[in-house]
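A closer look at the structure
Each chain is listed here by its residues.
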Amino acid sequence: MPESEFLGGCLCGTVRYRIVGEPRRFYHCHCRRCRKATGTGHATNVFLQPARLEWLSGEASVRAYKVPEAARFTNTFCSECGGRLPRQNGDAVGVPAGSLDTEPSLAPQARIWVGSGTRWSCHGDALPVFEEQMIQAT
Ligand SMILES: [Zn+2]
Ligand SMILES: [Zn+2]
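Residues numbered from 1 in each chain as written. Chains lettered and ligands numbered in written order. Predicted model: local features only at pLDDT ≥ 70, side-chain atom pairs only at ≥ 80, totals over all residues.

Following the sequence through the fold, Leu48 ends up in strand E3 (residues 43-57). Leu48 sits in the buried class, given 26 other C-beta atoms within 10 Å. Considering only alpha carbons, one finds Leu48 and Asp91, 43 residues apart in sequence, at a separation of 8.7 Å. Those residues in contact with Leu48, other than ones at most four positions away along the chain, are Ile19, Gly21, Glu22, Pro23, Arg24, Ala92, Val93 and Val95. (Helix = DSSP H or I, 4+ residues; strand = E, 2+ residues; numbered from the N terminus. Buried ≥ 20, exposed ≤ 12 C-beta atoms within 10 Å, placed from the backbone. Contact = placed C-beta atoms within 7 Å.)

So, in structure tokens, the structure goes:
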């Protein structure tokens, strides 16, 4: 997947961002943390690497909450509206797909952590399902 540009922002529009990077993974994650962070049955995230995240506006309103016992799980959001936002992690960027205004160039690849998901969360498609993390073929 070639490097491309992605634009997005939060619910209230205070925070706007631009990401330039290579989209590599696109998952629906049904884990408990994603459910709590989004208030929905699963989070839908795109991971780009290498990638660079740039705040176009509202950087002062960007907040991050790291789950204390988690190795990496951090919920990044707008302090005005609570809309979830991307996060730079080394040379990678994780993006809550719903915050994007640019249509991602790849489609969702899998449902992960379904083993800790709920019965009511949507499963009605042909994507491969993983009880926990996706086992990478490469
Ligand atoms: Zn906002
Ligand atoms: Zn998750």
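The structure having been displayed, the exposition proceeds.
Further remarks concern the pairing of strand E5 (residues 74-78). Consecutive side chains of a regular strand alternate in pointing toward one face of the sheet and then the other. Buried residues dominate E5, accounting for four of its five residues. Where strand E4 (residues 62-66) and E5 come together, five bridges link them in antiparallel fashion. By the bridge assignment for E5, Ala64 is matched with Thr76. (Pairing = 2+ DSSP bridges.)

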